[in-house]
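A look at the structure
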Amino acid sequence: IYEEIQKIEANEFHYQEQTDPIEFVENICENMQLFPKDDFLTGDQLMFEYDQEVISAALSLLTPDRSNLLLLSPENEGQCPLREKWFGTCYNMEDIPEEWAQRWAGDFEVNPGLHLPAENKFIATDFTLKEFDCPESEFPVRVVNNERGCLWYKKDNKFKIPKAYIRFNLISPMIQKSPENLVLFDIFVNILAHNLAEPAYEADVAQLEYKLVAGEHGLVIRLKGFNHKLPLLLRLIVDHLADFTAEPGVFSMFSEQLKKTYFNILIKPERLGKDVRLLILEHCRWSVIQKYQAVMKGLTVDDLMTFVGGLKAELYTEGLVQGNFTST
């Protein structure tokens, strides 16, 4: 695990983007108070050599009897007689119950869900710059074009770093057919992002970024980072899109969130005014009021899965790959 973290930090340091000079100077000045001279530039970014004794000494101090538990809840109202002097916040202090201390002091079964993570397969190890396999161009060129979609490509000929940017727009006429479909599309994108949160966490740790956006006419997928493992992240997203599932509890959660989101738009004059203006200017546009009415009528998981099936059946995909990739 230590070696993985060390490698990730080294990758980020060697291929970091240029920072604002004033922030760079400020950071060095802070490092001068913390690190020896040789580490002024790297001390807060790179991992030092592994020292088991130092780590063990720190871990030996992380014991239950040294813990400080902070319990924050509105249910504590009326049970906090003390008042913090700066902001007047009410609080209370209690000793840890003896029963807890005795339980912690003895041998108890560790939750099997607490374990070291598996090897992070998203950490880049190949930083080779790709050779040009097509004529240089100032703008992206279309390398794939058929009835199901097209792909644009632009080789990095300026920055020459082992990173890339990928963007796909999955367009479907299903989305704008009704306000119900628009609501279901919003729920679909939220649940898809929710389903990806855990499996894509390792990619985020390895400095690969992705974002899912519910566009006007399709799902926008944006990725960027080291090109070596970026296709692996894209495949993960595509697999979750192809095998999309929705738990009833998750569906209900996002349905309730959308009700609040739409309602908050309706009570803000500037946002409602923008929606009305676009409704007048654009053909075939559904208003926020209609979407709010649709979600309030009540939609089900079956409605969502039927919509997603139709969405995937009528997709046109347009993509852009830019950076340290070849055209094939």
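What comes next concerns the included structure. Please read all numbers here as calculations on a predicted model, not as lab measurements.

Here's the deal with the sheet that holds strand β8 (residues 316-323)
Read across the sheet, six strands follow the order β3-β4-β8-β5-β7-β6 without closing on themselves; strand pairing throughout is mixed. Both outer strands of the open sheet, β3 (141-146) and β6 (209-214), are each paired with one neighbouring strand and no more. Across the sheet, the axes of successive neighbouring strands diverge by a mean angle of 10°, strand direction being ignored. Here five bridges tie β3 to strand β4 (residues 149-155), and the two strands are oriented antiparallel to one another.

Digging into the pattern of salt bridges
Taken as a whole and judged by the stated rule, the model has eight salt bridges. Here K224 and E209 are joined by a salt bridge, their closest N and O atoms 3.9 Å apart. In this pair, K224 sits in strand β7 (residues 218-226) while E209 sits in strand β6, placing the two residues 15 residues apart along the sequence. Among the ionic contacts, a cluster of salt bridges with common partners joins E216, D275, E282 and R285.

Details of the packing of aromatic side chains
Taken as a whole and judged by the stated rule, the model has eight aromatic pairs. Judged by centre distance (6.2 Å) and plane angle (40°), the ring pair of F263 and Y292 falls under tilted. With F263 in helix α8 (residues 248-266) and Y292 in helix α10 (residues 288-297), this pair connects stretches of sequence that are 29 residues apart. Of the aromatic side chains, those joined through ring pairs into one cluster are Y15, F127 and F226. Between the NZ or CZ atom of K163 and the centre of the ring of F226, over which it lies, the distance is 5.2 Å.

Some details on the pairing of β4
Of all seven residues making up β4, five are buried, and the element is well covered by its neighbours. Where β3 hands over to β4, the hairpin turn is made up of two residues, counted between the paired strands. As defined by bridge partners, β4 adjoins β8 across seven bridges and the pair is classed as parallel. Residue K154 lies in a different strand from β8, and its bridge partner there is Q322.

Here's the deal with a positive patch on the surface
Together, K268, R271, K274 and R277 make up a region of like positive charge exposed at the surface. Note that K268 resides in the loop between α8 and α9 (269-281).

Some words on helix α11 (residues 301-313)
With 13 residues, α11 extends 18 Å from end C-alpha to end C-alpha; this agrees with the ideal 18 Å at 1.5 Å per step. The complete set of buried residues in α11 reads L304, F307, V308, G310 and L311. Viewed along the axis of α11, the buried residues span an arc of 165°, placing them on a single side of the element. Looking at α11, the residues exposed on the side facing more than 90 degrees away from the buried face are D302, T306 and A313.

A few points about a nonpolar patch on the surface
Side chains of I1, I5, M47 and L116 sit close together on the surface and give an oily, nonpolar patch of about 370 Å² of accessible area. You can see I5 is positioned in helix α1 (residues 2-14).

Structural notes on the environment of L114
Within the fold, L114 resides in the loop between α4 (98-105) and β3. For L114, a relative accessible area of 65% puts it in the exposed group.

About the criteria used
- Residues numbered from 1 in each chain as written.
- Predicted model: local features only at pLDDT ≥ 70, side-chain atom pairs only at ≥ 80, totals over all residues.
- Heavy atoms only, no water.
- Pairing = 2+ DSSP bridges.
- Helix = DSSP H or I, 4+ residues; strand = E, 2+ residues; numbered from the N terminus.
- Axes fitted to C-alpha atoms, helices over the stretch in contact; angles between N-to-C directions.
- Salt bridge = Lys/Arg side-chain N within 4 Å of Asp/Glu carboxyl O.
- Phe/Tyr/Trp six-rings, centres within 6.5 Å; stacked < 30°, edge-to-face > 60°.
- Lys NZ or Arg CZ within 6 Å of the ring centre and 35° of its normal.
- Buried < 20%, exposed > 50% of the residue type's maximum accessible area, 1.4 Å probe, protein only.
- Patch = residues over 30% accessible without salt bridge, like charges linked within 9 Å, V, L, I, M, F, W, Y side chains within 5 Å.
- Areas by Shrake-Rupley, 256 points an atom, 1.4 Å probe, with all protein chains shown as cover.
- Lys, Arg positive; Asp, Glu negative; His and termini not counted.
- Charge placed at Lys NZ, Arg CZ, Asp CG, Glu CD.
- Expected span 1.5 Å × (residues − 1).
- Arc of directions from axis to C-beta.

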